[in-house]
Amino acid sequence: MARFSRIEVALSMKEGGIVPVFYHADATVCWEVVKACYNAGIRVFEFTNRGDNAHKVFDEVLKKVIKEAPEMKMGVGSIVDDVTAGLYIQNGADFIVSPLLNPSIGKVCNRRKVAWMPGCGSVTEISYAEELGAEVVKIFPGLQVGGPEFVKGVKAPMPWSSIMPTGGVQPQFDELKKWFDAGVHCVGLGSQLMDSKMIASGNFTALEEHIKNVYQIAQEAMGKETVLV
């Protein structure tokens, strides 16, 4: 079962500002990436359900997380159906992220009080997701949906909405500041954060420094004082 409540997950997302999004078929590589993020100060991680037997990879990684990175909230993304959501919840996922809005996933998550971030692309979908119990909604693909201006437009009539854009978010100060100034809850970063060359070469020390730098940039873009980790 989930180790953290949906509220704890949502608060950690807002506190950290960025949510790494990553998948690799090798559980050892996944763990090294999670550890690099954890050492950099990040406390929420989205493992993407992309490959065959991905749930087995997640299970191996989560065992390491529980022992060596106990404060990390581990969620699973790219979930499009309730059966897969239930599988990962049974495996201990702290939250479920979807690229789309599927009410049946929300029901599965709500029964177990697991945080659910459905993908939305309109004000109507965002409002419906909140009606279904989503504390944080994902806009995807964030840039193509409308970028920071879309978020700003949504927050005008719906200031209570907590929005996480994923897709097209760039890890530079000016770009992140646009998103946070628009009122996002946090941002999801995948390939923009994960340096593929560092990962392929196994240089996880360099990856950790890179992620730490992006994390500090995000904190500054949020208007927080730089916190050295």
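Structure's up top.
Conventions used here
Residues numbered from 1 in each chain as written. Predicted model: local features only at pLDDT ≥ 70, side-chain atom pairs only at ≥ 80, totals over all residues. Heavy atoms only, no water. Helix = DSSP H or I, 4+ residues; strand = E, 2+ residues; numbered from the N terminus. Buried < 20%, exposed > 50% of the residue type's maximum accessible area, 1.4 Å probe, protein only. Salt bridge = Lys/Arg side-chain N within 4 Å of Asp/Glu carboxyl O.

In this structure, Pro141 follows Phe140 across a cis peptide bond, with omega equal to -10°. Of note, Pro141 is situated in the loop between strand S7 (137–139) and helix H7 (142–145). Of note, the phi angle at Ser78 is positive, near 60°, even though the residue is not glycine. Here Ser78 shows up in the loop between strand S3 (73–77) and helix H4 (82–90). You will see that Lys113, though not glycine, has its phi angle at about 55°, which is positive. Examined against the element boundaries, Lys113 turns out to sit in the loop between helix H5 (103–111) and strand S5 (115–117). The class for Lys113 is exposed, based on a relative accessible area of 61%.

Quick look at the pattern of salt bridges now. Counted according to the given criterion, the structure contains 10 salt bridges. Note that Glu68 and Lys64 form a salt bridge whose closest N and O atoms lie 3.0 Å from each other. Here the residue Glu68 and the residue Lys64 both occupy positions in helix H3 (residues 54–68), the gap between them amounting to 4 residues, near one helical turn. Owing to a relative accessible area of 34%, Lys64 belongs among the partly exposed residues under this scheme. When the shortest N-O distance is used, the salt bridge between Glu175 and Lys178 registers 3.5 Å. One end of the pair, Glu175, and the other, Lys178, are both in helix H9 (residues 173–182), 3 residues apart, so they sit about a helical turn from each other. Owing to a relative accessible area of 30%, Glu175 belongs among the partly exposed residues under this scheme.

Purely geometric stuff here, so don't read any function into it on its own.
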